[in-house]
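# Fold and geometry: a report
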Amino acid sequence: MAKVAFIGLGVMGYPMAGHLKTKGGHEVTVYNRTAAKAEKWAAAFGGRTAPTPAEAAADADFVFTCVGNDDDLRSVTIGENGALAGMKAGAILIDNTTASAEVARELHAAATAKGCGFIDAPVSGGQAGAENGVLTVMCGGDEATFDKAKPLIDAYARMVGLMGPVGAGQLTKMINQICIAGLVQGLAEGIHFGKKAGLDIEKVVEVISKGAAGSWQMENRHKTMNEGRYDFGFAVDWMRKDLDIVLTEARRNGASLPVTALVDQFYGEVQKLGGNRWDTSSLLARLEK
């Protein structure tokens, strides 16, 4: 059993922290910007709450963060009452936020200055994956620190991999989002085409999903897409945040991402339709408007 702090109890962090307590058996203290959410978590899982990230992190062996973006992450880690202000030497900071590789390197430098370890560890699998404890976790850091952190990460994951040095986890998550963006657009166009052609989409998917066109998105999203229901996962607002990170990094490293840039624009059109909180499969909605 380890002493753990978990900072950020959104739709992902809330169940992830819960798995660290129930499945991992760790002593968990939580912090959330909205204190009522932290109190609710503590009542549900039997952990403790703290009024600041620094106080949550005090005496913790491992500190997890899972917040919205780079600025949120800086606020809860290197801010005046950030986690690093309270962390002891030898503790490890594990960041599950989908953020930039740049901020991962910043946090690594700040953690090193405090005598602490750091792992960037963005996740994939959505809310359902977090609730069921079957997330995929892409890590960046040194092998020794990763080996210490992995047994704890295993509490909410089914796949955990060390992808390279600090920042490599975030870069791998960017590839994940690149692949999803193009795939969902292809699925949306396929369903749209099938409807226009007068085909039974269920019959079509039953056949093509068993061949080379098959994917997780097709298997899990075609039915709700066909029904025009888009409240089943990762929100468009968050996908646009992630794609902005991707495209910024691409400008830095010279990668050419024409499909990703185009799909990002399509998600902007979905937002204009009022679909900010629709899930990413809502690319079909802009084709049917």
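You'll find the structure just up there.
What this report covers is the structure whose coordinates are included nearby. Computed from a predicted structure; not experimentally measured. (Residues numbered from 1 in each chain as written. Predicted model: local features only at pLDDT ≥ 70, side-chain atom pairs only at ≥ 80, totals over all residues. Heavy atoms only, no water.)

## Quick notes on the pairing of strand 9 (residues 157–164)
As a reminder of what qualifies: Two strands qualify as a pair provided DSSP detects at least 2 bridges between them. By definition, any uninterrupted DSSP run of H or I lasting at least four residues is a helix, any uninterrupted run of E lasting at least two residues is a strand, and each is numbered from the N terminus. For the handedness criterion, the strands are oriented away from the viewer, and a crossover whose path from the first strand over the helix to the second runs clockwise is classed as right-handed.
As judged from the 6 bridges shared by strand 8 (residues 135–140) and strand 9, these two strands associate in the parallel manner. Counterpart to Val137 in the pairing with strand 9 is Val160. In this fold, the crossover linking strand 8 to strand 9 by way of helix 8 (residues 143–153) has right-handed handedness.

## Some details on the side chain of Arg286
Rules: For each residue, the accessible area found with a 1.4 Å probe, counting protein chains only, is set against the maximum for its type, and the residue is called buried under 20%, exposed over 50%, and partly exposed in between.
Secondary-structure assignment places Arg286 in helix 14 (residues 283–287). Of the residues examined, Arg286 reaches a relative accessible area of 13% and is grouped as buried.

## Comments concerning the packing of helix 10 (residues 201–208) against helix 11 (residues 216–226)
As a reminder of what qualifies: Every angle, taken between N-to-C directions, lies between 0 and 180 degrees, and every axis is a line fitted to C-alpha atoms, over only the stretch in contact when it is a helix. What sets the label is the angle itself: under 35 degrees gives roughly parallel, over 145 gives roughly antiparallel, 65 to 115 gives roughly perpendicular, and the rest give oblique. Contacts between residues were defined by any pair of non-hydrogen atoms, one from each residue, lying within 4.5 Å. Residues are grouped as follows: Ala, Val, Leu, Ile, Met, Phe, Trp, Tyr, Cys and Pro are nonpolar; Asp, Glu, Lys and Arg are charged; every other residue, Gly included, is polar.
Orientation of helix 10 relative to helix 11, taken along the N-to-C sense of each, is 170°, at an axis distance of 11 Å. Here helix 11 runs roughly antiparallel to helix 10, going by the angle between their axes. Seen from helix 10, the contacting residues are Ile201, Glu202, Val205 and Ile208; seen from helix 11, they are Met218, His222, Lys223 and Asn226. For the contact of helix 10 with helix 11, a count of residues per class yields 4 nonpolar, 2 polar and 2 charged.

## Here's the deal with the nonpolar core
Keep this limit in mind: Nine residue types can take part in a nonpolar core, namely buried Ala, Val, Leu, Ile, Met, Phe, Trp, Tyr and Cys, and a core is a set of them joined through side-chain atoms within 4.5 Å.
Among the nonpolar cores identified, the biggest contains 34 residues, and Phe6, Met16, Leu20, Phe64, Val137, Ile153 and Tyr156 are the most heavily contacted of them. The residues contacting Met16, other than those within four sequence positions of it, are Phe6, Cys66, Asn96, Val123, Ala130, Leu135 and Tyr156. Of all hydrophobic cores here, the second largest spans 23 residues; its members include Ile7, Leu73, Leu93 and Ala111.

## Side note on the pattern of salt bridges
Which entries qualify depends on this criterion: Any carboxyl oxygen of Asp or Glu within 4 Å of a side-chain nitrogen of Lys or Arg constitutes a salt bridge here.
All told, the structure shown has 15 salt bridges when counted by the stated rule. Notably, a salt bridge pairs Glu227 with Arg229, separated by 2.5 Å at the nearest N-O pair. Relative accessible area serves as the criterion here: at 45%, Glu227 is assigned to the partly exposed category. With relative accessibility at 36%, the residue Arg229 sits in the partly exposed group. Residues Asp264 and Arg240 are paired through a salt bridge, measuring 3.1 Å at the closest nitrogen-oxygen approach. Taken as a pair, Asp264 in helix 13 (residues 258–272) and Arg240 in helix 12 (residues 236–253) lie far apart in primary sequence, 24 residues in all. The class for Arg240 is partly exposed, based on a relative accessible area of 26%. Overlapping salt bridges bring together Lys3, Asp59, Asp61 and Lys88 as one network.

## A closer look at the pairing of strand 5 (residues 92–95)
Burial along strand 5 is two-sided: the residues Ile92 and Ile94 and Leu93 and Asp95 are all buried. Looking at chain direction, strand 4 (residues 62–65) and strand 5 are connected through 4 bridges and run parallel. Considered in strand 5, the bridge of Phe62 is made with Ile92. In terms of strand pairing, strand 5 meets strand 6 (residues 117–120) through 4 bridges, oriented parallel. When the sheet's bridge partners are listed, Ile92 is paired in strand 6 with Gly117. Of the crossover connections in this fold, the one passing from strand 5 over helix 6 (residues 101–113) to the parallel strand 6 is right-handed.

Nothing here speaks to function; it is geometry throughout.
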